[in-house]
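# Residue-level structure breakdown
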Amino acid sequence: MPVPTLEDFMARAYAMELEAQERYALFAEQLDTHNNREVAELFRKLSQIESLHAKRILQEMRWPSMPALPPAYAWESVEGPETAPADAVH
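Conventions we followed
- Residues numbered from 1 in each chain as written.
- Predicted model: local features only at pLDDT ≥ 70, side-chain atom pairs only at ≥ 80, totals over all residues.
- Heavy atoms only, no water.
- Helix = DSSP H or I, 4+ residues; strand = E, 2+ residues; numbered from the N terminus.
- Buried < 20%, exposed > 50% of the residue type's maximum accessible area, 1.4 Å probe, protein only.
- Contact = heavy atoms within 4.5 Å.
- Areas by Shrake-Rupley, 256 points an atom, 1.4 Å probe, with all protein chains shown as cover.

Time to look at the overall build of the protein. When helices and strands are tallied, the protein shows two helices and zero strands. Expressed as a percentage of its 90 residues, the buried residues of the protein come to 28%. Contacts in the protein between residues far apart in sequence, at least 24 positions, make up 74% of those at least 6 positions apart. Only carbon and sulfur atoms are counted for the fraction: they give 57% of the accessible area of the protein, which is about 6400 Å².

This is how it looks when you write it as structure tokens:
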């Protein structure tokens, strides 16, 4: 197995940030549906923070967009390591 490069690690970090951003946004939508506006706003804020993290990785790596993840680093399951299961919202 080849030794991972900085680009490999940063591509993985970028993917994790995007997944976290999407999941927090999903949680915010679900909480709005259940009229829990205060916690929904917290998840919206967390989603924005994760988005900033992702943008910073692109800037620091000078990537116009995320490169493809090497196959050896594909997630072991459907869920990424930093996402909570979507059904946990209910």
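Inspection of the secondary structure assignment puts A40 in helix α2 (residues 37-61). The class of A40 is buried, set by a relative accessible area of 0%. Considered as a pair, A40 and A28 are twelve residues apart in the sequence and their alpha carbons are 4.1 Å apart. Here A40 is in contact with A28, L31 and D32, once residues within four sequence places are set aside.

One non-glycine residue, N35, adopts positive backbone phi at about 60°. Relative to the helices and strands, N35 resides in the loop between α1 (6-33) and α2. Accessibility expressed as a relative area gives 58% for N35, which makes it exposed. Phi is positive for R62, close to 60°, though the residue is something other than glycine. Inspection of the secondary structure puts R62 in the segment after α2. For R62, a relative accessible area of 76% translates into the label exposed.

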